[in-house]
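Fold and geometry: a report
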Amino acid sequence: DRAAKQRGRIICETASAMPLTLAEVRWFLLENGVEADKIDATWSKGRAALEDLAGTAGCSLRDEGAVRAAHVAALAKKEEEKRAATEASLTPLTEEERARFRLAFDHFDADGSGALDHAEFRKAMIDSGMMPLRSEVTGLFQEADVDGSGTVNFDEYCHFIQVYRAKQSWWERLMESAMDCLSPKPSYLTNPTLRFVRKMKHAGCTRSAIDAFVHNYEQLRSAASMMIPEDAIFPVDQLPALEDISVQPDRSLLQHTVMLKLNGGLGTGMGLEKAKSLLPISGDDTFLDLIAKQVLHMRHASGGSLAFLLMNSFSTSADSMALLKHNFPNLSNEGELPLEFLQNKAPKVSAADLSPASWPANPELEWCPPGHGDLYPAMEGSGTLDRLLREGYKYMFVSNSD
């Protein structure tokens, strides 16, 4: 052991200095052009002989900082060469593989952040056919986290799988293939509902929007009739008549009232690519102009405030809000209530197999064109309902903007 330690280190002249290792000295001399056989022949002769050998190459072992820097640089160079060799040997993922890994990635991205944390990463690895030991996961996670963000995005994950496979032996690949064939397919690959859920989560849809879509989609899959038969319909026995009701108008209730206009629909059926409410209907006034004037008039006539909201879609928001800002800069509501919230969007369903529609050339076409939207899930999911209740609103008047 003493001989091995003596060969493994060159003790510096000052006892307080950290001794240089054999590897550091060898790399330093090699980097300065000294041949390996000369280093080996000189090694047993001691520190002075190695210093002389370094001197012939125009360098010095006395500069320990330079020696260690050369060693670090050499190791980095070797690691880079190794990485480049691995990259060159990578087998590209097929579209089918990439699609499966996308499903696994989205499924285990529990918080919908678009990246996997340490725990999510381990589950996705196992599901993708890799069987790392628990003790290996941290090192593999750090290797996959190329940008050092502390999470692994989808591109990093796919690249990591390629690198991981390149390092496997044929026996490991065979075992993983066998396990993949023998194991039952996970539900997210076979359950079409979960594919829609992942798609909507990835698009930023709210939990309320997803739940509403899943309810409708499950009804579609069940093939149950949504028609109401005649024998299930009964007439109302009696309704109160307006003439029989005695009510005194109370304008103070307007302070607790909000007027909501559903403004998410495009005029696509009329060849338009903007909100139908932007059509001129009286001189230069559009539907939206008349609505805004009505709100301002009611506020003035009642001597109070009347809250106003638009439920826009991703296709109508920009144009509608631009018109209101330009023509009616004083239309804003009291307090912190904004003038709009956005309705939800729903993915298209393929008629052939009830799977999510796919159109890679233009992914926007994979979503239903906006109509007037799903009022209640949109109010809840956007936080608008909670805000209205928090600010004391009790009544809502709802109608289409057109």
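Before going into details, it helps to say that this report is about the structure given with it. (Residues numbered from 1 in each chain as written. Predicted model: local features only at pLDDT ≥ 70, side-chain atom pairs only at ≥ 80, totals over all residues. Heavy atoms only, no water.)

Some thoughts on the overall build of the protein
What the protein contains, in helices and strands, is 17 helices and 10 strands. Looking at the protein as a whole, 35% of its 402 residues qualify as buried. Relative to all contacts within the protein whose residues are 6 or more apart in sequence, the contacts with residues 24 or more apart total 65%. Carbon and sulfur atoms make up 56% of the accessible area of the protein, which amounts to about 24800 Å² in all. (Helix = DSSP H or I, 4+ residues; strand = E, 2+ residues; numbered from the N terminus. Buried < 20%, exposed > 50% of the residue type's maximum accessible area, 1.4 Å probe, protein only. Contact = heavy atoms within 4.5 Å. Areas by Shrake-Rupley, 256 points an atom, 1.4 Å probe, with all protein chains shown as cover.)

Description of the packing of aromatic side chains
We describe a pair of aromatic rings using the distance from one ring centre to the other and the angle between the two ring planes. One pass over the structure, following the stated rule, counts 8 aromatic pairs. Ring centres of Phe105 and Phe154 lie 5.4 Å apart, and the angle between their planes is 70°; on these two criteria the pair is classed as edge-to-face. Pair noted here: Phe105 is in helix H6 (residues 95-108) and Phe154 is in helix H9 (residues 154-167), with a separation of 49 residues, a long-range link. Classification of Phe105 by relative accessible area gives buried; the value is 0%. Owing to a relative accessible area of 9%, Phe154 belongs among the buried residues under this scheme. Residues Phe213 and Tyr217 carry aromatic rings whose centres are separated by 5.9 Å and whose planes lie at 10° to one another, so their mutual orientation is stacked. With Phe213 and Tyr217 both in helix H13 (residues 207-222), this residue pair falls 4 residues apart, about one helical turn. By the burial criterion, Phe213 is buried, and Tyr217 matches it. Clustering of aromatic rings is evident, with ring pairs tying together Phe105, Phe121, Phe141, Phe154, Tyr157 and Phe160. Sitting over the face of the ring of Trp367, Lys199 holds its NZ or CZ atom 5.7 Å from the ring centroid. The cationic tip of Lys345 hangs over the ring face of Trp367; the distance from NZ or CZ to the ring centre is 4.5 Å. (Phe/Tyr/Trp six-rings, centres within 6.5 Å; stacked < 30°, edge-to-face > 60°. Lys NZ or Arg CZ within 6 Å of the ring centre and 35° of its normal.)

With respect to the sheet that holds strand S8 (residues 307-312)
The strand order across the open sheet formed by 4 strands is S9-S8-S5-S10, and the pairing between neighbours is parallel. Only two strands of the sheet have a single neighbouring strand rather than two, namely strand S9 (340-342) and strand S10 (395-400). Each neighbouring strand pair of the sheet contributes to a mean axis angle of 25°, computed without reference to strand direction. Here 3 bridges tie S8 to S9, and the two strands are oriented parallel to one another. Looking at the pairing, Asn312 lines up with Leu342 of S9. Contacting strand S5 (257-263) and S8, helix H14 (residues 287-302) crosses the sheet at an angle of about 160° to S8. Contacts from helix H15 (residues 317-327) reach S5, S8 and S9 within the one sheet, and its direction differs from that of S8 by about 150°. (Pairing = 2+ DSSP bridges. Axes fitted to C-alpha atoms, helices over the stretch in contact; angles between N-to-C directions.)

Some words on helix H3 (residues 36-43)
Within H3 the residues assigned to the buried category are Ile39, Thr42 and Trp43. End-on view of H3: buried residues confined to an arc of 105°, all on one side of the axis. (Arc of directions from axis to C-beta.)

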